[in-house]
Amino acid sequence: MAEVHEMDPAEQLQRLYLAGFELQTFERFPNSVGVIRGECIVLMMPTPDGMQMIGTPGWRVGEVIGVLTEVGGRKVFQNKDQVVEATPERIEELERFRADVKAALAPVA
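Residues numbered from 1 in each chain as written. Predicted model: local features only at pLDDT ≥ 70, side-chain atom pairs only at ≥ 80, totals over all residues. Heavy atoms only, no water.

> What's the story with the side chain of N79 in this structure? I'm lost.
Within the element layout of this structure, N79 appears in strand β6 (residues 74-79). Polar side-chain contacts of N79 include one of 2.8 Å to the backbone oxygen of I65. (Helix = DSSP H or I, 4+ residues; strand = E, 2+ residues; numbered from the N terminus. Polar contact = N/O pair within 3.5 Å; in protein donor to acceptor, adjacent residues only side chain to side chain.)

> Explain the confidence of the model for the protein to me, please; I cannot follow it from the model alone.
As a general rule, the predicted coordinates of low-pLDDT regions are not to be interpreted in detail. Mean pLDDT over the protein: 91, with 93% of residues reaching 70 or higher. Here strand β5 (residues 64-71) stands out as the least confident element of the protein, with mean pLDDT 92; helix α2 (residues 88-105) is the most confident, with 97. (pLDDT = per-residue confidence, 0-100.)

> Just to check I follow, could you spell out the layout of surface pockets for this structure?
Over the atoms, a rolled probe matching the size of one water molecule traces out where space is still vacant. Its boundaries defined by the atoms lining it, the largest pocket holds a volume of some 200 Å³. Lining the largest pocket, in full, are F26, E27, R28, F29, I41, L43, E63, V64, I65 and N79. Counting residues per element, the ones that place at least two in the lining of the largest pocket are β3 (40-47) and β5. (1 Å grid on protein atoms, 1.4 Å probe; cavity = no way out; pocket = protein on both sides within 12 Å on 5 of 7 lines; lining within 4 Å. Points joined across faces, edges and corners; volume = space filled by probe spheres on them.)

> Even after reading the chapter, I still don't get the nonpolar core, so can you show me in this structure?
Most often, soluble globular proteins have nonpolar side chains that are buried together. Counting residues in each nonpolar core, the largest one holds 20 residues, and the members touching the most others are L16, V35, M44, F97 and V101. Elements supplying a minimum of two residues to this core: α1 (9-18), β2 (29-37), β3, β4 (50-61) and α2. By residue number, the principal contributor to this core is α2, which donates five residues. Apart from residues lying up to four places away in sequence, V35 is in contact with L16, F21, E22, L23, C40, I41, V42, M44, F97 and V101. Counting five residues, the second largest nonpolar core, distinct from the first, contains F26, I36, I41 and L43. (Core = buried A, V, L, I, M, F, W, Y, C linked by side-chain atoms within 4.5 Å. Buried < 20%, exposed > 50% of the residue type's maximum accessible area, 1.4 Å probe, protein only. Contact = heavy atoms within 4.5 Å.)

> Just checking my understanding: could you explain α2 for this structure?
Since the α-helix advances by 3.6 residues per turn, residues separated by three or four positions end up pointing in the same direction. Over its 18 residues, α2 runs 26 Å from end to end, which matches the ideal 26 Å to within 8%, given 1.5 Å per residue. Turning to α2, the residues buried within the fold contact α1, β2, β3, β4 and β6. (Expected span 1.5 Å × (residues − 1).)

See below:
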């Protein structure tokens, strides 16, 4: 029978921190933690199953998260009227960020 590993949010946050991610809280999202590396960011919240991503990771646009979208045939990170060009390098960095966050959160065998 496989062992069930309880996912401890505090331990997961510690692993994220040790993996080089910055942790930040936001007044507008009191029950969540921003996990940041470079300009990539994702909001996470503790659940009974451990830390879970809220939405998808995005690009930091000022004080907010810009989500990847398309405007006039161009890929951009957008939040309301703020737009940042979604270059292939930024998209690649965001994918690496997403994979690294998931790896840091994975149960330790």
